Amino acid sequence: MSKGRALPTTSLEFHTGAVRYAIAETEQRPTVLGLIASGRMKPATGRVTIDGATDNRLLRRTIALVDAPDVSDPHADIALAGVVGEELMFAGRGATPLHARRWLNDLGFGELASVPIGNIDPAARVRIMCELAILREGTEGIVLVSPDRHGGSPDGWWRIAREFAERGYAMLVIVGGSAAVALDRMQELGAVNASGPIEPLVLDDAPAAEPDDDLPLPADGSDTRPDADTDDPDPGDLESDAAASAPMHDPSPDTAADDESPNTTPEDLNENGAER
C-alpha cells in the first residue's frame, strides 16, 4: 500500500505471537504507517487485511496504536500517574490518582508516579504504555511507533516488545533506519524486518481466513464506542485530532479513521487521522 508522498509503496505483515519491525523515516511517515497498519487511515493504493479480510473496524478494535507522534503520544509534561489514570478510565477501571499509583506499584514503577512521562526511561515508557494498551477489552495486537525517538539502547524496548509477542499479542514496531541497523546487529534479539525481503511468516496454529461477516466481534457483539460507524470522516489535522484524543491512545478506536488525504505533502502536514 501507499499514501502519496506521505508514505511510499510499502508491503509488510505482522502476526499473533510474533514481533516484527518496519522501517519508516522522516517525521510524518512513522505515524502514517502506524495509522494505516492499525486500520485508522485508508491507504491511497493497496489494502490492509486482518485474517485475510478487509475490515478496518475490526482492526481498530483489536490493534492498539501506541505512542504515535502527534496522534496518541501523551504530552511530555504530564505526570505518569495522570497518563495512567486516564487510560484506566478508558479501560473501564477505577481511575483516581490512588488507582493510578496502585497500578504503577503493581507494575513495579510506583516511584515514577509523579515524574513527567517525557522524563521516563525509554524501556520503562514502552513497558507502561503497552501494558496500558492491553487493558482495553478486545486488544489483540499493538503497533508501537518510533520508540527509538526517545533514545536509549534498542535492546531494552525490543525485548519488551518480544515479551508481549510471547504473551500472545501481534506486535509491530515502527523504527528508523539507525535503530533497524542496531537490531540487525543484535542477533540474539531475533529481530525480523516486517517489510524486508523475507518469506511470509506462517504459524502452525494460524486460523484460516474467515468471511468478513464471521469475523469475531467484542464480547457484547457490538462496537459501542463513539463514531464506530464512521469510516470516512472529514479530514482533520494532526494537532486538532491529537488534542481531542487521549494522551496515550484515543478512547474511541474507530474515531477519525480512514482519512482520505493526510500528510500528502510537506505543505499539507495539517491533515491526518488519529487515535489510539
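Heads up: the structure comes first, above all this text.
Residues numbered from 1 in each chain as written. Predicted model: local features only at pLDDT ≥ 70, side-chain atom pairs only at ≥ 80, totals over all residues. Heavy atoms only, no water.

(A) The arrangement of the sheet that holds strand E2 (residues 63–66) in detail. The four strands are arranged E1-E4-E3-E2 in an open sheet whose pairing can be described as parallel. One side of each edge strand has no neighbouring strand; the edge strands of this open sheet are strand E1 (19–23) and E2. Pairwise comparison of adjacent strand axes, ignoring direction, gives a mean angle of 20° for this sheet. Pairing of strand E3 (residues 141–145) with strand E4 (residues 170–175) involves five bridges; the strand directions are parallel. Of the residues in E4, the one forming a bridge with Val-145 is Ile-174. The strands touched by helix H1 (residues 29–37) are E1, E2, E3 and E4; relative to E3, the strand with the most contacts, the crossing angle is about 170°. Each of E1, E3 and E4 touches helix H6 (residues 154–166); the most contacted strand, E4, lies at about 160° to it. (Pairing = 2+ DSSP bridges. Helix = DSSP H or I, 4+ residues; strand = E, 2+ residues; numbered from the N terminus. Axes fitted to C-alpha atoms, helices over the stretch in contact; angles between N-to-C directions. Contact = heavy atoms within 4.5 Å.)

(B) Structural detail: the packing of aromatic side chains. Under the criterion given, the structure shown has two aromatic pairs. Consider the rings of Tyr-21 and Trp-158, whose centres lie 6.0 Å apart with planes at 75°: the pair is edge-to-face. With Tyr-21 in strand E1 and Trp-158 in helix H6, the pair connects residues that are 137 residues apart, well separated along the chain. No difference in accessibility class separates Tyr-21 from Trp-158, as the two residues are buried. (Phe/Tyr/Trp six-rings, centres within 6.5 Å; stacked < 30°, edge-to-face > 60°. Buried < 20%, exposed > 50% of the residue type's maximum accessible area, 1.4 Å probe, protein only.)

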